[in-house]
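Reading the structure
What follows is the residue order along each chain.
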Amino acid sequence: MEADASVDMFSKVLENQLLQTTKLVEEHLDSEIQKLDQMDDDELERLKEKRLEALRKAQQQKQEWLSKGHGEYREIPSERDFFQEVKESKKVVCHFYRDSTFRCKILDRHLMILSKKHLETKFLKLNVEKAPFLCERLRIKVIPTLALVKDGKTQDYVVGFTDLGNTDDFTTETLEWRLGCSDILNYSGNLMEPPFQSQKKFGTNFTKLEKKTIRGKKYDSDSDDD
């Protein structure tokens with residue numbers, strides 16, 4: 001009997017919450033409809049033009065990114081190309097890899113997915129054996145390393161898989177979150193927490209990590225070297 005009463009009470013609470021949410025949504029829609037009703041033809045035309053202009057600008061920006069090599073994950077042949085590529089784009093992720101390193105192939109798969117999702121960021125890869133000067137200049141010692149370049153300057157690094165839960169089985173969303181922490185792509189989730197799926201998978205080793213700050217934002221990172 002007590003169990004039934006508890007279930008009944010919980011159902012009523014849930015029902016009330018749903019009703020309240022529905023009411024708020026309806027009030028918001030009513031308010032927007034009322035605003036539209038109160039607009040004259042000139043105001044509606046200006047609103048339409050404003051939205052069309054925003055769409056045109058978004059399309060122009062997309063075409064500009066695509067013309068500069070965004071929207072794909074590609075290899076550049078030399079370190080000289082690296083400097084040209086980062087000069088052209090505001091946000092760049094460059095994967096410094098080696099053919100013989102298995103973890104580089106894991107990163108390739110995730111970066112391929114993200115390059116198609118985040119057109120605002122350019123995704124590149126560069127063989128470290130073809131870029132000795134650049135690796136020394138950027139102090140790249142662990143492979144794989146992602147160099148995160150913004151406005152032509154290297155702002156941050158993802159070294160090995162330490163920041164990704166120290167596992168080969170991290171998700172694409174986990175890498176997306178980590179890159180979002182450095183503001184190198186537009187991340188729509190909560191930057192203060194790793195993705196829930198990854199937290200459950202990696203357990204307490206990933207959820208209770210040392211706090212570090214990147215450009216004013218905190219993220220969780222293992223303190224051990226990869």
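Residues numbered from 1 in each chain as written. Predicted model: local features only at pLDDT ≥ 70, side-chain atom pairs only at ≥ 80, totals over all residues. Heavy atoms only, no water.

- Where an unreviewed UniProt entry is consulted, the protein appears under the name Thioredoxin domain-containing protein 9, with the organism given as Saimiri boliviensis boliviensis.
- Its UniProt record gives the protein the following Function (unreviewed entry) comment, quoted word for word: "Significantly diminishes the chaperonin TCP1 complex ATPase activity, thus negatively impacts protein folding, including that of actin or tubulin."
- Under the UniProt heading Subunit (unreviewed entry), the entry covering the protein gives this text: "Forms ternary complexes with the chaperonin TCP1 complex, spanning the cylindrical chaperonin cavity and contacting at least 2 subunits." (UniProt positions renumbered as here; feature names shortened; annotations may be inferred.)

1. Re the environment of Gly-165
- Turning to its location among the elements, Gly-165 is positioned in the loop between strand S5 (153–159) and helix H6 (172–181).
- On the accessibility criterion, Gly-165 (15% relative accessible area) is buried.
- The spacing of Gly-165 and Pro-194 is 29 residues in sequence and 9.6 Å in space, taken between C-alpha atoms. (Helix = DSSP H or I, 4+ residues; strand = E, 2+ residues; numbered from the N terminus. Buried < 20%, exposed > 50% of the residue type's maximum accessible area, 1.4 Å probe, protein only.)

2. What about the pairing of S5?
- Bridge analysis of strand S4 (residues 145–150) against S5 gives six bridges, and the strand direction is antiparallel. What sits directly across from Thr-145, in S5, is Val-159.
- Between S4 and S5, which pair antiparallel one after the other, the connecting turn spans two residues, and Asp-151 there sits at a positive phi close to 55°. (Pairing = 2+ DSSP bridges.)

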